Amino acid sequence: MPSLDTLFTAAKAIQARAYAPYSRFKVGAAIVTPNGQVFTGCNVENAAYPVGSCAEAGAISAMLAAGESRIAEIVVMGEGDNLVTPCGGCRQRIREFAAGDTPIHIAGPEGIRKSFTLEELLPFSFGPDNLGAR
Ligand code: THU
């Protein structure tokens, strides 16, 4: 299983590849799956602003494209001094492929700043089980 430091390094590397010419706010996300595979994503903005996508969405797409569908841990790295926690939509995206106790680590360039569980960030959530799926 890759270390948290490995996941942090992966998130930092992909953050540098973000396409964020409008917000100038680069985000990177790195997922590790239960079998130790790492998938990364960055935000990709668009001149038609609402069409842009978040780093977490990119990492989830990469995971699914490789045939994996469970998130064991995720690191999200943003810019500035504030905690860059996943946006509401991305909390729900993570929810689809994670459990309540799945760690979500929030990082800055210097390291992990704070760790939450999915349940802490998205309590009483709606998910696949509500639809009788999984
Ligand atoms: N962003 C992410 O990629 N993930 C988040 O969880 C928060 C926001 C991106 C979207 C947009 O490209 C930029 O950060 C500013 O909102």
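Residues numbered from 1 in each chain as written. Predicted model: local features only at pLDDT ≥ 70, side-chain atom pairs only at ≥ 80, totals over all residues. Heavy atoms only, no water.

What follows deals with the packing of aromatic side chains. One pass over the structure, following the stated rule, counts 1 aromatic pair. Ring centres of Tyr22 and Tyr49 lie 5.5 Å apart, and the angle between their planes is 45 degrees; on these two criteria the pair is classed as tilted. Here Tyr49 lies in the loop between strand 2 (38-42) and helix 2 (55-65) and Tyr22 lies in the loop between helix 1 (4-15) and strand 1 (28-32), a separation of 27 residues in the sequence. A relative accessible area of 39% places Tyr22 in the partly exposed class. (Phe/Tyr/Trp six-rings, centres within 6.5 Å; stacked < 30°, edge-to-face > 60°. Helix = DSSP H or I, 4+ residues; strand = E, 2+ residues; numbered from the N terminus. Buried < 20%, exposed > 50% of the residue type's maximum accessible area, 1.4 Å probe, protein only.)

Time to look at the site of the ligand. Neighbouring residues of the ligand: Ser23, Phe25, Val27, Asn43, Glu45, Cys54, Ala55, Glu56, Thr85, Pro86 and Cys87. Separating an oxygen atom of the ligand from a side-chain N or O atom of Asn43 is a distance of 2.9 Å. Between the ligand and Glu45 there is a distance of 2.5 Å, counted from an oxygen atom to a side-chain nitrogen or oxygen. Summarising the interface, the protein chains cover 75% of the accessible area of the ligand, which totals 380 Å² for the free molecule. Its atoms largely coinciding with the cavity grid, the ligand occupies the largest pocket. By residue class, the composition of the shell around the ligand is 6 nonpolar, 3 polar and 2 charged. (Near = heavy atom within 4 Å. Polar contact = N/O pair within 3.5 Å; in protein donor to acceptor, adjacent residues only side chain to side chain. Areas by Shrake-Rupley, 256 points an atom, 1.4 Å probe, with all protein chains shown as cover. 1 Å grid on protein atoms, 1.4 Å probe; cavity = no way out; pocket = protein on both sides within 12 Å on 5 of 7 lines; lining within 4 Å. Sits in = over half its atoms within 2 Å of the grid points. Nonpolar A, V, L, I, M, F, W, Y, C, P; charged D, E, K, R; others polar.)

As a further point, take the layout of surface pockets. By volume, the largest pocket is sized at about 200 Å³. Its residues assigned to classes, the lining of the largest pocket shows 9 nonpolar, 5 polar and 2 charged. (Points joined across faces, edges and corners; volume = space filled by probe spheres on them.)

Glancing now at a nonpolar patch on the surface. Together, Tyr19, Tyr22, Val44 and Tyr49 make up an exposed nonpolar region whose accessible area comes to about 440 Å². You can see Tyr19 is positioned in the loop between helix 1 and strand 1. Among the residues examined, Tyr19 registers a relative accessible area of 43% and is labelled partly exposed. (Patch = residues over 30% accessible without salt bridge, like charges linked within 9 Å, V, L, I, M, F, W, Y side chains within 5 Å. Salt bridge = Lys/Arg side-chain N within 4 Å of Asp/Glu carboxyl O.)

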